[in-house]
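Chain by chain, the residues:
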Amino acid sequence: MSDIPQYHLVINGESCAPASGEYADVINPATGEVVGSAAMGGAADVDQAVAAARAAFNQREWREMPPAERSRLLYQCAQLVLANAQELIGLEISCSGATLNRASNLDIPAVADLWMNLAEAVKVYPFVEAQSPRPLPEQWHSQVWKEPVGVCGLITAWNFPLLLYSWKVGPALAAGNTIVIKPSEMTPTSSIRLTEILQEVLPPGVLNIVNGDGPSVGDAMTLHPDIDKISFTGSTRVGKIVQTNCATTMKRCTLELGGKGPGIVLPDADLDMVAQGSLWAVYMNAGQACESGTRLLVHEDVYDELLEKLAARSAEVVVGNPADPATGVGPMSTEAHFHKVMGYIETGVAEGARIVCGGEPAEVPGCEGGFYVQPTVLADVTNDMRVAREEIFGPVLAVIRYRTEEEALALANDSDYGLSAGIWTTDLIKAQRLARDLRAGSVWINDWHMMRTDAPFGGYKQSGYGRELGRYSIDSYVETKSVSMSFERVPQKKAMQRIVHTKMA
Ligand code: NAD
């Protein structure tokens, strides 16, 4: 018998094999080795998981749980994450190529913080709000109720499996929904394990997981007549399919999609800070982050000086085995993705860009089977090139020259995407003015990736819609109901009814 660990589906509180009996290898992108075998679900498994989630929703106990009790449960989820941190970190590294540094210092603290934040948010969330009373004697009074949407289908991408999982599962639970989640079939192990762990505190059927690919499990979810809402994180290309499928049953739908984050460098900026910060912006997770700063728009007066600093600092970045604490940049997620990133570098050069540093596959001793790309800076990029318009999703920075502030703003906004944007300057008044004109869901001034678990995150334009994180994320998982009560018991005094009963005395 093989000692490769198996990861199953979790339906109605039980781990189970998929109806097809099919399992697929999970590959460690750092080495190319098989690190797990994960159940590949299909439409029949989705049906079962949805039925379990619907039954759990119909049991009033879960959806009507008082906020204080739900808050305690969300705290327990945070504690379970922390208690199992070492195992989850190991899985995150081996399935997704996350560096040890990132998984331990960013992902796990942020995941635990998110659950704790929701535990606080749920206590004060306005599940019931009274409308302001009218002058007395009032004929009727109205309240606004926020109710769980129902059964939520959650679909996540491969680049931050545990974070993306928690961004969706946390608020969906906080609002009282039941869930069927599909992780990326490339990185399912940490999400499956966390689902198993959370069963300890959740009633059966509340949280179900069906791993599988997009065309089988993803389509089955987005077209399913008994799923009420889909929350999707992934590419804009697939997001469009998801939105179209959701329309067939008018499902609620929120979409967290791609980005092509522009950073504007004003001539007064501290160039050492920009060089270090803009490489953090693009190289975090080897550039495989939706909110990465991938286009750097630099004023002509400081263009050459900044390029020199970028090249020097970029060459210092340590590419290596993600499990090594000294590693700053790990591998590309898959071999196919590695070739895609290398292809983009070639396309950039063919279109007229100049490689200032990097541009080649990176050699990592001991990880010869891995998929590594050298941190790469491309100069002389213009905004019409493919490397400036499309998501490369690798450690590649496109540097674009501009002359005036108006031109910089126009270039920054000249993109299908609108997820993140940034400004590097010592003039904070000017920064605020520019921030107002940038068409992006997050604007960062003099740093990047400044995401908080209590601040909203999401896209403008083709980067999607809806917001995640904090109490704003609960808004995405509730329906709004208006409830009005009439106090007047004398029919003749119900003033509006005179519109029909015109003969009333
Ligand atoms: P992807 O779109 O290929 O896949 C995302 C998920 O969708 C996976 O689980 C996949 O199996 C599933 N899927 C594929 N086809 C489907 C279908 N027909 N129906 C339903 N689901 C389907 O994206 P990816 O390569 O996994 O992730 C990278 C992308 O995700 C990038 O574009 C990145 O910018 C984006 N992303 C966005 C955010 C955000 O918060 N905005 C966060 C992380 C990643």
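Worth saying up front: this structure is predicted, and the values here are computed from it rather than measured.

### Structural notes on the overall build of the protein
And then number 1: A tally of helices and strands in the protein yields 16 helices and 23 strands.
And then number 2: Taking 505 residues into account, the globule formula puts the C-alpha radius of gyration at 23 Å, and the protein, at 25 Å, falls close to it.
And then number 3: If you line up the protein on its principal axes, its C-alpha atoms span 85 × 65 × 40 Å.
And then number 4: The buried share of the protein, taken over its 505 residues, is 55%.
And then number 5: By sequence separation, contacts in the protein at least 24 residues apart represent 72% of the contacts at least 6 residues apart.
And then number 6: Seen as two clouds, the 41 positive and the 60 negative side-chain charges of the protein have centres 14 Å apart.

### Details of the layout of surface pockets
And then number 1: The computed volume of the largest pocket comes to approximately 980 Å³.
And then number 2: Together, 38 residues line the largest pocket, and Trp158, Gly234, Ser235, Arg237 and Val238 are the ones closest to its centre.
And then number 3: Those elements that provide at least two residues to the lining of the largest pocket are α8 (214-222), β11 (229-233), α9 (236-247) and α12 (335-350).
And then number 4: Taken domain by domain, the makeup of the lining of the largest pocket includes at least three residues from each of domain 1 (6-257 + 463-482) and domain 2 (262-445).

### Comments concerning the pattern of salt bridges
And then number 1: Applying the stated criterion to the full structure yields 22 salt bridges.
And then number 2: Residue Glu120 is joined to Lys123 by a salt bridge in which the shortest nitrogen-to-oxygen separation is 3.4 Å. Residue Glu120 and its partner Lys123 are both found in helix α5 (residues 100-124); the two are separated by three residues, about one turn of the helix.
And then number 3: For Asp272, the salt bridge goes to Lys309, with nearest N and O atoms at 3.1 Å. Of this pair, Asp272 sits in helix α10 (residues 271-283) while Lys309 sits in helix α11 (residues 303-316), and the two are 37 residues apart along the sequence.
And then number 4: In this structure Asp272 comes out as partly exposed when scored by relative accessible area, which is 39%.
And then number 5: Of the residues examined, Lys309 reaches a relative accessible area of 23% and is grouped as partly exposed.

Quick notes on the rules
- Residues numbered from 1 in each chain as written.
- Predicted model: local features only at pLDDT ≥ 70, side-chain atom pairs only at ≥ 80, totals over all residues.
- Heavy atoms only, no water.
- Helix = DSSP H or I, 4+ residues; strand = E, 2+ residues; numbered from the N terminus.
- Rg over C-alpha atoms; globule rule 2.2 N^0.38 Å.
- Buried < 20%, exposed > 50% of the residue type's maximum accessible area, 1.4 Å probe, protein only.
- Contact = heavy atoms within 4.5 Å.
- Lys, Arg positive; Asp, Glu negative; His and termini not counted.
- Charge placed at Lys NZ, Arg CZ, Asp CG, Glu CD.
- 1 Å grid on protein atoms, 1.4 Å probe; cavity = no way out; pocket = protein on both sides within 12 Å on 5 of 7 lines; lining within 4 Å.
- Points joined across faces, edges and corners; volume = space filled by probe spheres on them.
- Domains from an automatic or database assignment.
- Salt bridge = Lys/Arg side-chain N within 4 Å of Asp/Glu carboxyl O.

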